[in-house]
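Overview (structure and organization)
So the chains spell out like this:
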Amino acid sequence: MADVQKLGVIGAGLMGNGIAHVAALAGIPVALVDVNPAALEKARGTITKNLERQTTRGNIPDGAKEAALARITTGTDYAAFAECDLVIEAATENEEIKKKIFGSLCPTLKPEAMIASNTSSIPITRLGAATDRPGRFIGMHFFNPVPMMKLVEVIRGLATEDATAAAVTALAERMGKTVVAAADYPGFVVNRILCPMLNEAIFALMEGVGDVRSIDEGMKLGANHPMGPLELSDFVGLDTLYSVLKVLHEGLGDPKYRPCPLLAKYVEAGWLGRKSGKGFYDYSTTPPTPTR
C-alpha cells in the first residue's frame, strides 16, 4: 500500500485539531471536516496559536507555521475526503455516533482508502465491521495534547490487513510519533492501566480517604507523577473517563472497572473538568480551587 499523500480528519475538537496540526507540520495535506463551522474556525485559531508557540520556542523553523497552515483545508462536507488515502475519525467517544459517521463517510471514499479511529477504548473489530472496508480499518489512538505527546497506539482489528497496519505505522512515525502495537481489547494498553488508577483515586475521594489536594499531592510527591490523578482526570475530561470505564466494565465483565458513583455524579452535573471550567477543581480561580 502506498504512503499516505493526503489525510482526512473528522472532528475539529481537541484531538482532531491536534492531529491536523502534526500532520500538516510533517508536510501532509489535510482535509479537516466538522459538522460545526464554528468548531472549524476555533480549530484553525488553536492550531495557529500552537504553531506560533512552537516557533517562539525554537521548536520549528521560521516559515514552518505558514507552510503548515497552508496545507490545512476545512469544511463541513465529507466530499472533501474524495482524494484522501486515509481518514482519521476523531469524534466524541460514543460508539453509535462513530458508526453513523462511518456510514456517511464510506460512500465518499475511493476504494483503496483506509479509515482509522482515534477511539481510546472502543473495540476496533466492532467499529471496522460497521464499514465497507474492515481490512483497511485500524485504530490510531493519539494522546492529548497531540502536538506534545509522542505516543500513538496502533490497534489492529481481527480483519485489519498487514498493508494497512504498515501504512498507518509509517504515517505515525512520519508525524514524529513513537508507535506501540496494542491488541484489540477494551482500553488497549494505556487506558486499560491508567483509567482504573484514576477511578480508584475518585473512590478514595468519595470514601473520605483524602481530599482532592491530599490525593493529588500524595501521588505527585509519593509516586513522582507529574500530575495528580484527579487533576489528570479533569484534564482528560470526566465524561471521557466515564465513557472509557463503562467500555472496560462492559467489555471485560470485571467489577473492578465499575465507574465510581462520584464520577457519574460529576458528569451528570456537567462538571467535566477543564473543558467545562469545573471538575475536581474550579478553574475560575488562579490557582484552581478543589471542589471537595
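Rules used throughout
- Residues numbered from 1 in each chain as written.
- Predicted model: local features only at pLDDT ≥ 70, side-chain atom pairs only at ≥ 80, totals over all residues.
- Heavy atoms only, no water.
- UniProt positions renumbered as here; feature names shortened; annotations may be inferred.
- Axes fitted to C-alpha atoms, helices over the stretch in contact; angles between N-to-C directions.
- Helix = DSSP H or I, 4+ residues; strand = E, 2+ residues; numbered from the N terminus.
- Parallel < 35°, antiparallel > 145°, perpendicular 65-115°, else oblique.
- Left-handed = near helix turned anticlockwise from the far one by under 90°.
- Contact = heavy atoms within 4.5 Å.
- Nonpolar A, V, L, I, M, F, W, Y, C, P; charged D, E, K, R; others polar.
- Pairing = 2+ DSSP bridges.

As recorded by an unreviewed UniProt entry, the protein chain carries the name 3-hydroxybutyryl-CoA dehydrogenase and is attributed to Dankookia rubra. We quote the UniProt Sequence similarities (unreviewed entry) comment for the protein chain here in full: "Belongs to the 3-hydroxyacyl-CoA dehydrogenase family."

1. What about the packing of helix H10 (residues 238–252) against helix H11 (residues 261–269)?
Contact pair H10 / H11: the axes reach a minimum separation of 9 Å and the direction vectors enclose 135 degrees. Compared by their axis directions, H10 and H11 come out oblique. Regarding H10 and H11, the two cross each other, and that crossing is left-handed. Residues Leu238, Asp239, Leu241, Tyr242 and Leu245 of H10 touch H11, and the partners they reach there are Leu263, Ala264, Tyr266 and Val267. Split into classes, the residues belonging to the contact of H10 with H11 amount to eight nonpolar, no polar and one charged.

2. What about the UniProt feature "domain: 3-hydroxyacyl-CoA dehydrogenase NAD binding" (unreviewed entry) in the protein chain?
Per the UniProt record, the feature "domain: 3-hydroxyacyl-CoA dehydrogenase NAD binding" (unreviewed entry) sits at residues 6–184. Secondary structure within residues 6–184 divides into 38% helix and 21% strand; the distance between the first and last C-alpha atoms comes to 27 Å.

3. Digging into the sheet that holds strand S8 (residues 178–182)
Strand order in the open sheet formed by eight strands is S3-S2-S1-S4-S5-S6-S7-S8, with mixed pairing between adjacent strands. Both outer strands of the open sheet, strand S3 (72–75) and S8, are each paired with one neighbouring strand and no more. Adjacent strand axes in the sheet meet at a mean angle of 25 degrees, parallel and antiparallel pairs treated alike. Note: strand S7 (residues 151–156) against S8, five bridges, orientation parallel. Counterpart to Val152 in the pairing with S8 is Val179. Contacts from helix H2 (residues 37–56) reach strand S2 (30–33) and S3, with the element oriented near 160 degrees to S3.

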